[in-house]
Amino acid sequence: MKAMQHWNIEAVRQQHNLYLSDSQIRAIQAKLPKAEDQKIYADAVFEGGGVKGIAFLGALRCFNDAGIQLRKVAGTSAGALMASVIAAGFTIDQLEEIVGNLDYMNDILNQKTSPLIFNGSPADDLQEPVWMIGNLVLTGQQGQYSTEPFKQWLSSFLDQRLATFPPLSNQPATDLPWYQQRLLKIVVSDISEGEMRILPDDLPQYQQIPENFSVAEAVRLSMSIPLFFAPGQLNGRTIIDGGILSNFPLWIYDAPPGRTPKCPTFGFQLTTHRARPRRIKGAVDILSSMFDTMLVARDRYYQRTSDQGRVIGVDTAQVSATKFDLTNDDKAYLYRQGYESARTFLLEEWDWQTHLQKRGYLVAVS
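Summarised in this report is the structure supplied together with it. What you see is a predicted model; the values in this text were computed from it and never measured. (Residues numbered from 1 in each chain as written. Predicted model: local features only at pLDDT ≥ 70, side-chain atom pairs only at ≥ 80, totals over all residues. Heavy atoms only, no water.)

A few points about the pattern of salt bridges
Right, so step 1: Under the defined criterion, the tally for this structure stands at 12 salt bridges.
Right, so step 2: The salt bridge involving aspartate 93 is made with arginine 61; its shortest N-O contact spans 2.5 Å. Note that aspartate 93 is positioned in helix α5 (residues 92–100) and arginine 61 in helix α3 (residues 54–65), a separation of 32 residues in sequence.
Right, so step 3: The buried category is assigned to arginine 61, whose relative accessible area is 8%.
Right, so step 4: With its nearest N and O atoms 2.9 Å apart, the salt bridge here joins arginine 237 to glutamate 193. Here the residue arginine 237 occupies a position in strand β8 (residues 237–241), and glutamate 193 occupies one in the loop between β4 (183–190) and β5 (195–199), the gap between them amounting to 44 residues. (Salt bridge = Lys/Arg side-chain N within 4 Å of Asp/Glu carboxyl O. Helix = DSSP H or I, 4+ residues; strand = E, 2+ residues; numbered from the N terminus. Buried < 20%, exposed > 50% of the residue type's maximum accessible area, 1.4 Å probe, protein only.)

Considerations on the pairing of β8
Right, so step 1: Within β8, 4 of the 5 residues are buried, which leaves the element mostly enclosed by the surrounding structure.
Right, so step 2: The pairing of β4 with β8 spans 3 bridges and is antiparallel. What sits directly across from aspartate 190, in β8, is isoleucine 239.
Right, so step 3: Hairpin geometry of strand β7 (residues 232–234) and β8 is characterised by an intervening segment of 2 residues between the two adjacent antiparallel strands and by a positive phi of about 50° at asparagine 235. (Pairing = 2+ DSSP bridges.)

Some thoughts on the packing of aromatic side chains
Right, so step 1: Counted by the stated rule, this structure contains 21 aromatic pairs.
Right, so step 2: These aromatic residues form a ring-pair network of at least three members: Phe46, Phe56, Phe63, Phe266, Phe268, Phe345, Trp350 and Trp352.
Right, so step 3: The aromatic ring of phenylalanine 90 is capped on one face by arginine 161, whose charged end is 4.2 Å from the ring centroid. (Phe/Tyr/Trp six-rings, centres within 6.5 Å; stacked < 30°, edge-to-face > 60°. Lys NZ or Arg CZ within 6 Å of the ring centre and 35° of its normal.)

Side note on the nonpolar core
Right, so step 1: Counting 87 residues, the largest nonpolar core has Phe46, Leu154 and Phe268 as its most contacted members.
Right, so step 2: Here leucine 154 is in contact with Leu81, Ser84, Val85, Asp159, Ala216 and Val219, once residues within four sequence places are set aside.
Right, so step 3: Judged by nonpolar contacts, the second largest core, of 10 residues, contains Ala74, Val187, Phe248 and Leu250. (Core = buried A, V, L, I, M, F, W, Y, C linked by side-chain atoms within 4.5 Å. Contact = heavy atoms within 4.5 Å.)

Notes on helix α4 (residues 78–87)
Given 3.6 residues per helical turn, the α-helix brings residues three or four places apart onto the same face.
Right, so step 1: Across the 10 residues of α4, 9 count as buried, placing the element largely inside the fold.
Right, so step 2: Within the sequence span of α4, burial applies to Ala78, Gly79, Ala80, Leu81, Met82, Ala83, Ser84, Val85 and Ile86.
Right, so step 3: Positive backbone phi, approximately 90°, marks glycine 89, located one or two places after α4.

With respect to empty space enclosed by the protein
Right, so step 1: Enumeration over the complete set of coordinates arrives at 1 cavity of 30 Å³ or more.
Right, so step 2: Empty space within the largest cavity amounts to approximately 170 Å³.
Right, so step 3: The wall of the largest cavity is formed by 17 residues, among which Gly50, Ala78, Leu81, Tyr104 and Phe150 lie closest to the centre.
Right, so step 4: For the lining of the largest cavity, the elements supplying multiple residues, two or more each, are α4 and α6 (104–108).
Right, so step 5: The element that contributes the greatest number of residues to the lining of the largest cavity is α4, accounting for 3 residues.
Right, so step 6: Its residues assigned to classes, the lining of the largest cavity shows 14 nonpolar, 3 polar and no charged. (1 Å grid on protein atoms, 1.4 Å probe; cavity = no way out; pocket = protein on both sides within 12 Å on 5 of 7 lines; lining within 4 Å. Points joined across faces, edges and corners; volume = space filled by probe spheres on them. Nonpolar A, V, L, I, M, F, W, Y, C, P; charged D, E, K, R; others polar.)

Some points on unusual backbone geometry
Right, so step 1: Geometrically, the link from leucine 199 to proline 200 is a cis peptide bond, its omega value of 15° lying close to zero.
Right, so step 2: Relative to the helices and strands, proline 200 is located in the loop between β5 and α9 (215–222).
Right, so step 3: Positive phi, normally seen in glycine, also occurs at glutamine 38, with a value near 70°.
Right, so step 4: Note that glutamine 38 resides in the loop between α2 (22–29) and β1 (40–46).
Right, so step 5: The exposure class assigned to glutamine 38 is exposed, which follows from its relative accessible area of 55%.
Right, so step 6: Positive phi is not limited to glycine here, since leucine 227 has a value of about 75°.
Right, so step 7: Considering the arrangement of structural elements, one finds leucine 227 in strand β6 (residues 227–229).

So, the environment of glycine 75
Right, so step 1: Mapped onto the secondary structure, glycine 75 falls in strand β2 (residues 68–76).
Right, so step 2: In sequence terms glycine 75 and valine 45 are 30 residues apart; their C-alpha atoms lie 5.5 Å from each other.
Right, so step 3: With residues up to four places along the chain from it excluded, the contact list for glycine 75 reads Phe46, Ala80, Ala83, Lys185, Ile186, Val187 and Ser222.

Observations concerning the pairing of strand β9 (residues 265–271)
Right, so step 1: Buried residues dominate β9, accounting for 7 of its 7 residues.
Right, so step 2: Of the two faces of β9, the one lined by Thr265, Gly267, Gln269 and Thr271 and the one lined by Phe266, Phe268 and Leu270 are each fully buried.
Right, so step 3: Strand direction decides the pairing type here: β1 and β9, joined by 4 bridges, are parallel. Following the sheet pairing, alanine 44 is matched in β9 by phenylalanine 266.
Right, so step 4: Sheet topology note: the β9/strand β10 (residues 311–315) ladder contains 5 bridges and is parallel. By the bridge assignment for β10, threonine 271 is matched with aspartate 315.

Shown next as C-alpha cells:
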C-alpha cells in the first residue's frame, strides 16, 4: 500500500482561520464557571463514528484555545478512542500528531480475517450489508478485519501512560479536589447477554479486575463495528461496538437529581443530517436501514428530551464512518467542521446559567 503523505494541521488552521481572538476567548470564559483554582473544567462525552472522529480534533483544539480543560471523559467506538487518549493526559498537539496522522489503511486495516474476503473501498461496506454477510458466511468468519492491528497501534503509545484502569474504589480518587479528579468510561455491547456494558464498571461481571484490564483492549472492544471488524470476547461472551446500544452516551456523567453539577458535561456529536426520510423499497433497504436506526435511535430520543443545550453537533455528512482510505482533504474537512462547530457553539449557543435552568435549577440569568 502507498504511504500516506504527512498531514499539516497548522496549514489547515491558517487556511481557514481556525483560531479564537482574545475577545472571543474572554466572551466564552465569561459564560463558564471557574473552579477554586480559577481554571475552567468540563466533562465530555464523545459519540462513535469511525473515521469521522478526526472532527473531534478540531473541536478539542477550539476548547483548548478557549482554555477549557477536560476532566471526566467517556465515549463509544471512535469516541472511546478519543476519550482514552484524553484520559491518558496527551496534549492537543500530541493528539493531533497521533490521531491526525494515523494511516488507517496501512496501520489498521492491514489484516483481513480471511484471504478469501474480497471487497472494494471500505467506505461502502456498511451500505452493502448483504455483500458483507455473504463474504463472512462463505469464509466462516464473524468480521472482515481483525482489530489486533488497531490494539497494537493504540497500545504502542497509550500503555506508557494509561495501560490499565485504576481500581474501581479509586474512581475518582476521593482525596483530590473535584476539579483534579479524572475518570474514563467506555461503552461496549454484550450481544451474548443482550446488555450494554460500561467499562471498567462492569468488568467484575466478567471476573475481570479493572487494574489488570487493558484500556487499549476496552477501546478495541468498543470500536468493533459489527461484520466490519471481528468481535471481541470477555469471559466467553461476544462483545461488539458499543454504538449498537448507545452510540452517544450523553447521560453517563449526569449529576443525580437535586445536585447541582460543578461543571458542564459537553457532548461531542458527529451528526449526519438526513434531508428526508429514507425510501424503503425492498429487503436490502430494510436491513441497511435497521442497522442505521439501531445505531442512533435510542440516543436521539434521549437527546431530544435531555440535550439541555450542551451538545456540539458536527456535520460530517461528506465522509462515511468506514472511509478508512481518508485523504488529507477529507481530514481537513472533518477537522474544520469540528473547530467551526465548537467555536459557533461556545460563542453563540452555550451559556452555563441557561443550561442550569434547563436542568431545573432556579438560577437567575445575569
